[in-house]
Amino acid sequence: PGGVTTTLARAPGLAAGVSATLYRGADYKGKILIAAFNSTLVLEDVVVDGKAADGETGDCLVFINNNGHLVMNGGKITNNNNPDSNGAGVNIAYAGSDFRMNGGEISNNVALLGGSDVYFNQGSFTLSGAPVIGTGDGRVEGIYLGDDKQVTIAAGGLDQAAYVAFEYLINHHVGATIAQRADATTTAAELACLDWTPLAYDIEASTDAATPGDYVLKLQNKEFWVYEAPRSTTVTGAKDKPYHSLTYAYSNIPQNTPELITIYLLSDISEQSMIGLGSAYYADNVLITKDPGVTGPIVIKRNAVNARYVLDITSPGTTLELRDITIDGSRANPDATQTAIRVYQSHVTLTNCIVSGNKGSDNGGAIWVGGEAG
């Protein structure tokens, strides 16, 4: 790229084990470094530390402006807490922004609205060598991928020491991909050092004529959690930041996928209804069950404002299994119609479930089934 290039480098005379570190100053809330418009910022084996361990908070550590370029050669971007917005480590902010990470580590960062280590919603992002993104210790941390974004793995692939975690795939953001500059055999071999469990993936030839021989790795989340009482200001569907209703979970699971999508319940749920679930808009194959760590029963209860059904499953082609849960259709008015589940043109399996508290008139009692399944 053209423009000015600025390099920050660890002095060659520093003793082994002594880092060259930029710290967040006390009470400073802004960005630490900015790759400015039409310029390149090169970080050579330096550490950028947000001082979150000392109680400091603030904006992202490194911000890439429009037509700005960041090159990270080793070093570390770490320990930042952004309590107000997206991105805590690196924020790839604009369509013209570019980030090339050649090894190094981005970890132990936290952002309120996603993108704890790398917020990638615009621009381009390329990995090479042995980059480490995320800690792998169960924290919700890593790369945020926006709509139709691609993380490119440079020619030669990644070293086996690499570890790249995806914070979560924003579930309704379809088209997030990894572009692999290698052949299919190399791509498959490198999956071991990229942590996208529990993500499903498919490898297919790239359709981009500008990068012949590339392969695209398509990713999607496969597991989500629901807990009725809010537990986090950032709701991602992850176990520590669960959705607050089944209806909301269904609106955010991957679309048009045959992969099994599992929704784990962490608490009883008061559900109004689930309407229009099917291949046209949502996953084709869904399992709803209680989280393995929940020892007692889990109950899906009728929401007070729901006049008719607890669960309404009505789209052709839907395959849904309910496992190890109770569906309680009872209502405060004992004379009211209180069908628990309506199934129309869908495939529904109940495994080790209890359906109780129902009184039907025209549309069944516990379960009403109608139409020809797609």
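Here's what I pulled together on the structure shown here. (Residues numbered from 1 in each chain as written. Predicted model: local features only at pLDDT ≥ 70, side-chain atom pairs only at ≥ 80, totals over all residues. Heavy atoms only, no water.)

Time to look at the side chain of serine 107. With respect to the secondary-structure elements, serine 107 resides in strand β12 (residues 105–107). There is a polar contact of 2.6 Å between the side chain of serine 107 and the side chain of glutamate 105. If we skip the residues at most four places from it in the chain, serine 107 touches Lys76, Ile77, Thr78, Asn79, Asp117, Gly134, Thr135 and Glu141. (Helix = DSSP H or I, 4+ residues; strand = E, 2+ residues; numbered from the N terminus. Polar contact = N/O pair within 3.5 Å; in protein donor to acceptor, adjacent residues only side chain to side chain. Contact = heavy atoms within 4.5 Å.)

What follows concerns the environment of alanine 238. Among the structural elements, alanine 238 can be located in the loop between β24 (223–226) and α2 (246–252). The class of alanine 238 is buried, set by a relative accessible area of 17%. (Buried < 20%, exposed > 50% of the residue type's maximum accessible area, 1.4 Å probe, protein only.)

As for its position among the elements, glutamate 56 is in the loop between β5 (47–49) and β6 (62–64). Note on glutamate 56: relative accessible area 13%, which makes it buried. Residues glutamate 56 and asparagine 79, 23 residues apart in the sequence, show an inter-C-alpha distance of 9.5 Å. The residues contacting glutamate 56, other than those within four sequence positions of it, are Arg24, Gly25, Ala26, Asp27, Tyr28, Gly50, Lys51 and Asn81.

If you look at the biggest cluster of nonpolar residues, it comprises 31 residues, and the most contacted ones within it are Ile77, Val90, Phe99, Val118, Phe125 and Ile143. Broken down by element, this core gets its largest block of residues, three residues, from strand β18 (residues 150–158). For isoleucine 77, the contacting residues outside a window of four places in its chain are Leu43, Val48, Leu61, Val62, Met72, Gly89, Val90, Glu105, Ile106, Ser107 and Asn109. Counting residues in each nonpolar core, the second largest holds 26 residues, with Val226, Ile313, Ala340 and Val343 among its members. (Core = buried A, V, L, I, M, F, W, Y, C linked by side-chain atoms within 4.5 Å.)

We now examine the pattern of salt bridges. When the charged atoms of two side chains with opposite charge come close together, those side chains can pair. One pass over the full model with this rule turns up six salt bridges. Across the pair lysine 239 and aspartate 291 runs a salt bridge whose closest N-O atoms are separated by 3.3 Å. Separated by 52 residues along the polypeptide, lysine 239 in the loop between β24 and α2 and aspartate 291 in the loop between β27 (285–290) and β28 (299–302) bring together distant segments of the chain. What makes lysine 239 partly exposed here is its relative accessible area of 42%. A salt bridge links glutamate 321 to arginine 323, with the shortest nitrogen-to-oxygen separation between them at 3.0 Å. Residue classification places arginine 323 among the partly exposed positions, given a relative accessible area of 30%. (Salt bridge = Lys/Arg side-chain N within 4 Å of Asp/Glu carboxyl O.)

Take it as geometry only, folks, not as evidence of what the structure does.
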